[in-house]
Amino acid sequence: ESHEYDALYNSAVEAYLQQRWYECKAEMENAINAYNTLKQDLVQCRVTCNYITSEIDAVQYLELSFLDTALQRSNCLRRCFEKHDVLGVSDEVKDAFARRLPYDYLQICAFKTGDLELAVSSAYTFIVANPDHEIMQSNIKFYQEQNGVDPTWFKDLESKLYQKYYSSAVASYSAFQWHDVIQFMEEAVQDFLQEEGRCQRSCEGTYDHESLTHFYIAIAGLNYESRNCSTLVLFTDHWINVLQCQVNCEDEISIVNGLQIKNMLAEMYHYLQFAYYKVHDLTSAAACTETALALKPQDEAMLKNKAFYQKQGMDKEDFSTRKEISSYIEARSLLLSQLNFIRTKYKFSEADLDVKDIEQKDEEESPIFMNNAGVVISGSSYPNPLTNASLFGTRDSAFLAQLGDFSSKRGLTIVMENEELEGKYRVATDGFLTSEQCHSLMNLAGVRATKGDGYQNESPHTKFEKYEGLTINRAAQLAIKDSVSLTEAQQFLNITETARTFLETYYNLQIPLHFHYTHLVCRTALSDEAQNGRHDLSHPVHSDNCYMQKDGTCLREAPAYVQRDFSGIIYLNDDFEGGNFFFANRDDSVQKTIRPKCGRMVAFESSDFHGVLPVTKGRRCAIAVWYTLDPLAKEGSHEAAQQLLAAKVSRDQKLANADLRHLLNEHDFSLVKTEVELNGPERFAADGILNEQQCKALMKLANQGAIVGDGYNAGKKPTAQTSPHTNHEYFAGLRIDRAAELAADGTVDASAVDLYLNSSAMSLDFVKKYFDM
Ligand SMILES: O=C(O)CCC(=O)C(=O)O
Ligand SMILES: [Fe+2]
């Protein structure tokens, strides 16, 4: 059956499809209004029913009294939802609204009916949530170029109050309207906090309908001793999701005009303290400074401000965190500790439970290792580009054929994919290298991987292994100096390029994938005796683009390499013990291991938790490549290395010419740059054509014989003009024929003129030989 809200939306879409523009416009506006009211009702129900659970203490989660309360709450919600008919909307329609699709339709229908203002704001509202939508981008451009379009029409119709206030406050700040900054920003703060509360209420959503009632009924029917354990795990999983969603709320809403604002709350108090200072309200300024610090401790600017206000005579009492924020922080830390509690306390029972998750862990010993990347940084995360669905093409038969073709042409075999590797974007592929190639790359690593390149000689991860690293750039540098073989360095580059194009193809990416960083790494076990008492990993569980938190989440924020989207590790050997790669669970335990072998690549989303089991015997080598979708973040050195090697090839080709080689050797000339480095055909740079002494002699010749205009005003008398190019310089020349005349009448040194003649002849010879003429 079709629900009321679905019907409204679908009928508007239908009108659009049938080009009934006026109806489309009216109905879509209706649907949008109805949906917004619905969202408010939904939150209101949760607020109303929430008091029932609000008293629950974390420890009570296991108690029956909690289940009792939960059941009451569930009933309250159900009554409220029924009253407002808030369940009457399908997931598809919910999704459409979440993606702001209605504004895409509304934009067209409004335009067709001549309502340019609504068309413009709809387009803008849509692009705010879909910034990469190309068609809408060009629509926006089109509207910008239309006559009679008012710039204020480009506004976000879905923008929340706090977003409007925030924008107004920032605009007032730019206009030095301090009182307005205060007024708007104070409103923005209040509404931000309310919105954060609404967001938290919506997090409780996923379970409210359908399964929630069943679930609570199921749980309430059991007594404490005989409770069904898998139901409890189900419940725990759900509750973790809810808490996690609530923890994320702050970041989730820290967006203005489609832009993520880092530490938005702290930022607001930053504006406030400044505005209060400007209106000479130092007490409020001090309080806002302290509040900003409570939200973002160690903020340098704010610490300086505090010192400044102290100097202005503000006392300790003046620096008190504002009440709304102290309670906000308190509530937030309670949330975090609940999340932590439920994650750790509930885990213990899992060992006794017969659930799928646990069975898998038994395949492999699953040691719990400490992760040493527990850096906690507050603030908002780097947005994950992979959430943009339009990034990936459809995996239809045409695509599969193309992938098959690509793989077979290069001798690649996909051996394990998402399903088997239990994740998203995970793939293991064999055949990237032949055993000769593996050999020669291991040789490259062995001969030249040096201390300080990529990593130190000592492993950054464990004292039980030695660590060698070689970056792509250094490999190229070494090849230039003939310290390593050019072919090996080229292989290093080529293999990463093949891997890159493979992943671009495999993921069916609609935009290019770039290198972010590349290096070759070998881990070697120290002696057998040295392995005694070893309990650590070769590479502790980590993520390649974010910081793992104690609570199992991951903070994608600098200084983590936030731009990394995919990781690919290409293995060079398997004749070592231990050293399996593994994907990790959120508690650092092993989820799935993969045995390295020559030519095998394992690729995954960089945020995935993973690590390397201890290498207990032998040497394990791999090429690690990180990729980014952000063209601005692409690895400069990868291209530089490619250039260097190409330059080397081109130079080697030139030097294959024996005449040129001879000339270079004979005169101590050196070829510095060729066409490749100079970015164009028939160009070169060479050193050593003249030595220092010769340069001095020619400079002296110029000083004695050069005159204004010579060479440029040939045949004419020197003019008053100082330089043919600029009025700010004196420009003098000495043609070779006039130099000869001057030598003949003794005005200049004849040997210098000889040198002038010889060196130009030499350069002619060089040019002829270089270009093989
Ligand atoms: O060598 C491996 O298998 C993984 C290495 C890794 O995860 C890393 O370097 O970030
Ligand atoms: Fe990694």
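The model shown is predicted, which means the values in this text are computed figures rather than measured ones. (Residues numbered from 1 in each chain as written. Chains lettered and ligands numbered in written order. Predicted model: local features only at pLDDT ≥ 70, side-chain atom pairs only at ≥ 80, totals over all residues. Heavy atoms only, no water.)

Engineer: What exactly am I supposed to notice about the overall build of the protein here?
Structural biologist: Broken down by element type, the protein carries 27 helices and 21 strands. Taking all 773 residues of the protein together, the buried fraction comes to 46%. Restricting the contact set of the protein to residue pairs at least 6 apart, pairs at least 24 apart contribute 73%. In the structure as shown, the protein presents an accessible area of about 39600 Å², 51% of it carried by carbon and sulfur atoms. (Helix = DSSP H or I, 4+ residues; strand = E, 2+ residues; numbered from the N terminus. Buried < 20%, exposed > 50% of the residue type's maximum accessible area, 1.4 Å probe, protein only. Contact = heavy atoms within 4.5 Å. Areas by Shrake-Rupley, 256 points an atom, 1.4 Å probe, with all protein chains shown as cover.)

Engineer: What should I look at first to understand the coordination of the iron ion (ligand 2) in this one?
Structural biologist: The reference angle at a metal is 109.5 degrees if four donors form a tetrahedron and 90 or 180 degrees if six donors form an octahedron. Ligation of the iron ion (ligand 2) by protein atoms is provided by His-542 (NE2), Asp-544 (OD) and His-610 (NE2), these donors lying 2.1 to 2.2 Å from the ion. All donors of the iron ion (ligand 2) come from a single chain, and their spacing in sequence reads H-x1-D-x65-H. Residue His-542 is located in strand 7 (residues 539-542), and its partner His-610 is located in strand 15 (residues 610-612); the two are separated by 68 residues in the primary sequence. For the pair His-542 and His-610, one class covers both residues: buried. (Donors = N, O, S within 2.8 Å, 3.2 Å for Na, K, Ca; no water.)

Engineer: How should the sheet that holds strand 10 (residues 566-571) be read in this particular structure?
Structural biologist: In a beta sheet, neighbouring strands are held together by backbone hydrogen bonds and run either parallel or antiparallel to one another. The strand order across the open sheet built from 7 strands is 3-4-14-10-17-6-5, with neighbouring strands paired in antiparallel fashion. The open sheet is flanked by strand 3 (413-416) and strand 5 (465-471), the only strands paired with a single partner. Across the sheet, the axes of successive neighbouring strands diverge by a mean angle of 25°, strand direction being ignored. In terms of strand pairing, strand 10 meets strand 14 (residues 601-605) through 5 bridges, oriented antiparallel. Residue pairing in the sheet places Ile-569 in a bridge with Val-602 of strand 14. Running at roughly 70° to strand 5, helix 20 (residues 472-480) makes contact with strand 5 and strand 6 (514-525) of the sheet. (Pairing = 2+ DSSP bridges. Axes fitted to C-alpha atoms, helices over the stretch in contact; angles between N-to-C directions.)

Engineer: For this particular structure, what's the right way to read the sheet that holds strand 12 (residues 581-584)?
Structural biologist: Strand order in the open sheet made by the 4 strands is 7-15-12-13, with antiparallel pairing throughout. Across the chains shown, the open sheet's two edge strands, defined by having one partner strand only, are strand 7 and strand 13 (590-594). Across the sheet, the mean angle from the axis of one strand to that of its neighbour is 20°, orientation sign disregarded. Relative to strand 13, strand 12 runs antiparallel, the two being bridged by 4 bridges. Each residue of the ladder has a partner; that of Ala-584, found in strand 13, is Val-590.

Engineer: Where do I start with the packing of aromatic side chains in this structure?
Structural biologist: One pair of aromatic rings is described through two measures. These are the centre distance and the angle between the planes. Under the criterion given, the structure shown has 38 aromatic pairs. Centre to centre, the rings of Tyr-16 and Tyr-105 are 4.9 Å apart; their planes meet at 70°, and the pair counts as edge-to-face. Of this pair, Tyr-16 sits in helix 1 (residues 4-17) while Tyr-105 sits in helix 5 (residues 101-112), placing them 89 residues apart in sequence. A ring pair is formed by Tyr-166 and Tyr-271, whose centres lie 6.2 Å apart and whose planes are at 90°; its orientation type is edge-to-face. Of this pair, Tyr-166 sits in helix 8 (residues 161-174) while Tyr-271 sits in helix 12 (residues 264-278), and the two are 105 residues apart along the sequence. Classification of Tyr-271 as buried rests on a relative accessible area of 15%. Put simply, the rings of Phe-392, Phe-406, Tyr-425, Phe-432, Phe-502, Tyr-506, Tyr-507 and Phe-566 pair up and form one aromatic cluster. The ring of Phe-319 carries Lys-306 above its face, with NZ or CZ at 5.3 Å from the centroid. Note that Arg-426 overlies the ring of Phe-583, its terminal NZ or CZ placed 3.8 Å from the centroid. (Phe/Tyr/Trp six-rings, centres within 6.5 Å; stacked < 30°, edge-to-face > 60°. Lys NZ or Arg CZ within 6 Å of the ring centre and 35° of its normal.)

Engineer: Teacher, can you tell me more about helix 7 (residues 134-145) here?
Structural biologist: Given 3.6 residues per turn, any residue in an α-helix points the same way as the ones three and four places further on. Here helix 7 is 12 residues long and its end C-alpha atoms lie 17 Å apart, about the 16 Å a rise of 1.5 Å per residue gives. Buried within helix 7 are the following residues: Met-136, Ile-140 and Tyr-143. Around the axis of helix 7, the buried residues are gathered within 65° of arc, so they sit on the same side. Residues of helix 7 that are exposed and point over 90 degrees away from its buried face: Glu-134, Ile-135, Lys-141 and Glu-145. Against the buried residues of helix 7 lie helix 5 and helix 6 (116-129). (Expected span 1.5 Å × (residues − 1). Arc of directions from axis to C-beta.)

Engineer: Quick question: what am I supposed to make of the pattern of salt bridges here?
Structural biologist: Pairs can form between side chains of opposite charge once their charged atoms are near each other. Enumeration over the complete set of coordinates arrives at 28 salt bridges. Notably, a salt bridge pairs Lys-597 with Asp-430, separated by 3.5 Å at the nearest N-O pair. Here the residue Lys-597 occupies a position in the loop between strand 13 and strand 14, and Asp-430 occupies one in strand 4 (residues 427-430), the gap between them amounting to 167 residues. Asp-430 gets classed as buried once you look at its relative accessible area, which sits at 11%. As a salt-bridge pair, Asp-528 and Lys-617 come within 3.0 Å of each other at their nearest N and O atoms. (Salt bridge = Lys/Arg side-chain N within 4 Å of Asp/Glu carboxyl O.)

Engineer: Help me out: how do you make sense of the site of ligand 1 in this one?
Structural biologist: Around ligand 1, the neighbouring residues are Arg-523, His-539, His-542, Asp-544, Ile-569, Tyr-571, Phe-581, His-610, Val-612, Arg-620 and Trp-626. His-542 is positioned such that a nitrogen or oxygen atom in its side chain is 3.0 Å from an oxygen atom of ligand 1. Here an oxygen atom of ligand 1 sits 2.7 Å away from a polar atom, N or O, in the side chain of Arg-620. For ligand 1, whose accessible area on its own is 290 Å², the fraction buried by protein is 95%. Elements with a minimum of two residues in the shell around ligand 1: strand 7, strand 10, strand 15 and strand 17 (619-628). Residues of the shell around ligand 1, tallied by class, amount to 5 nonpolar, 3 polar and 3 charged. (Near = heavy atom within 4 Å. Polar contact = N/O pair within 3.5 Å; in protein donor to acceptor, adjacent residues only side chain to side chain. Nonpolar A, V, L, I, M, F, W, Y, C, P; charged D, E, K, R; others polar.)

Engineer: Honestly, the state of the cysteines in this entry has me stumped. Any pointers?
Structural biologist: Structurally, a disulfide amounts to a covalent bond that connects the sulfur atoms of two cysteines. On inspection of all chains with the given rule, the structure shows 5 disulfides. Here Cys-438 is linked by a disulfide to Cys-598, with a sulfur-sulfur distance of 2.0 Å. Because the torsion about its S-S bond is 95°, the bridge between Cys-438 and Cys-598 counts as right-handed. Here the residue Cys-438 occupies a position in helix 19 (residues 435-448), and Cys-598 occupies one in the loop between strand 13 and strand 14, the gap between them amounting to 160 residues. Take Cys-438: its relative accessible area is 3%, and that puts it in the buried class. In this model, Cys-546 is linked to Cys-554 through a disulfide, with the two sulfur atoms separated by 2.0 Å. Residues Cys-546 and Cys-554 are joined by a disulfide whose S-S torsion is about 100°; by sign, that bridge is right-handed. On the accessibility criterion, Cys-546 (8% relative accessible area) is buried. (Disulfide = S-S within 2.5 Å.)

Engineer: Any chance you could explain the confidence of the model for the protein here in plain terms?
Structural biologist: Detailed reading of the predicted coordinates is not advisable wherever pLDDT is low. Taken over all residues, the pLDDT of the protein has a mean of 81, while the share at 70 or more is 83%. Across the protein, the secondary-structure element scoring lowest on mean pLDDT is helix 16 (residues 356-362), at 30, and the one scoring highest is strand 10, at 98. Within the model, pLDDT remains below 50 along residues 206-233, and this stretch shows 36 contacts once partners closer than five positions in the same chain are excluded. Scoring of the predicted complex yields 0.48 for pTM and 0.98 for ipTM. (pLDDT = per-residue confidence, 0-100.)

Engineer: Just to check I follow, could you spell out the packing of helix 12 against helix 14 (residues 300-311) for this structure?
Structural biologist: Working note: a packed helix pair is described by the angle between its axes plus the distance between those axes. As a packed pair, helix 12 and helix 14 sit with axes 12 Å apart at the nearest point and diverge in direction by 25°. Put simply, helix 12 runs roughly parallel to helix 14. Like other packed secondary-structure pairs, helix 12 and helix 14 cross with a definite hand, here left-handed. Here helix 12 contributes His-270, Gln-273 and Tyr-277 to the contact with helix 14, which in turn contributes Ala-301, Met-302, Asn-305, Phe-308 and Tyr-309. (Parallel < 35°, antiparallel > 145°, perpendicular 65-115°, else oblique. Left-handed = near helix turned anticlockwise from the far one by under 90°.)

Engineer: What is the right way to look at the environment of Met-773 in this model?
Structural biologist: Considering the arrangement of structural elements, one finds Met-773 in the segment after helix 27 (750-770). Assessed through its relative accessible area of 72%, Met-773 is described here as exposed.

Engineer: Would you take a moment to explain the packing of helix 20 against helix 21 (residues 486-506) for this structure?
Structural biologist: Orientation of helix 20 relative to helix 21, taken along the N-to-C sense of each, is 155°, at an axis distance of 8 Å. Our classification of the angle between helix 20 and helix 21 gives roughly antiparallel. In terms of crossing hand, the pair formed by helix 20 and helix 21 is left-handed. Contacts between helix 20 and helix 21 involve Ile-472, Ala-475 and Ala-479 on the former and, on the latter, Leu-486, Ala-489, Phe-492, Leu-493 and Thr-496. Among the residues forming the contact of helix 20 with helix 21, the class breakdown is 7 nonpolar, 1 polar and no charged.

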